[in-house]
Amino acid sequence: MTTIDDDPVGFLDALMDGRQEKREKAPVFPGTTPPRNTEETSEYNVDWLADLPFTEYLVGGSPRKFYSIGSLAKALGKKPVTIRSWEDKGWLPSASFRTPAPKGTQIPGKQPKGRRLYSTEQVTFLVGAYQQFILASNDWDGFKSHITNNYPRN
């Protein structure tokens, strides 16, 4: 490795090459404003699902794992507000499962809903689709079409 003492110009060139590589790897998102404060998406391994926080709920008498929007966002390397935005724009379907709605009024004039929950199958599907369509080829239309046609509802 080149050190600053040996070759200052070579050292700075090496630093600039590293920065250029990072810029080229960042995915491009649709819209007019470039994303701010985004975290770099990490490489997924086989054990990524075990690292996500989950809650077990009884469904039909048997326990099932459910993941919050925060867990899904962590799996995708995004923030929960991004997942909500994708849902509002129609790129992701509405969550199939929710916790019970809180009692009483939370925000005046707004109907309270429960928190979004995603099954293990749904999280695995969404991460796979994100890797295949967005990270690999930045194909948002293909991503939306794939999600619409194949999203597991249970």
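Residues numbered from 1 in each chain as written. Predicted model: local features only at pLDDT ≥ 70, side-chain atom pairs only at ≥ 80, totals over all residues. Heavy atoms only, no water.

### Let's talk about the pairing of strand 4 (residues 116-119)
Here is the rule we go by: Relative accessible area decides the class of each residue, using a 1.4 Å probe on protein chains only: under 20% of the type maximum gives buried, over 50% gives exposed, and in between gives partly exposed. The numbering of helices and of strands both runs from the N terminus, where a helix is a DSSP run of H or I of at least 4 residues and a strand a run of E of at least 2. Strand pairing is assigned whenever DSSP detects at least two bridges linking the two strands.
Judged by which residues are buried, strand 4 turns out to be covered on both faces: Arg 116 and Tyr 118 on one side and Leu 117 and Ser 119 on the other are all buried. Here strand 2 (residues 62-68) runs beside strand 4; their pairing, made up of three bridges, is antiparallel. In the sheet register, Phe 66 faces strand 4, and the bridge partner there is Ser 119. Note that strand 3 (residues 97-98) and strand 4 share two bridges and pair antiparallel. Note on strand 4: the bridge partner recorded for Phe 97 is Leu 117.

### Observations concerning the side chain of Ser 71
Stated formally: In this analysis, two residues are considered to be in contact whenever any of their non-hydrogen atoms come within 4.5 Å of each other.
The residue Ser 71 is located in helix 2 (residues 69-76) in this model. For Ser 71, a relative accessible area of 3% corresponds to the buried category. In contact with Ser 71, other than residues within four places in its own chain, are Leu 52 and Pro 53.

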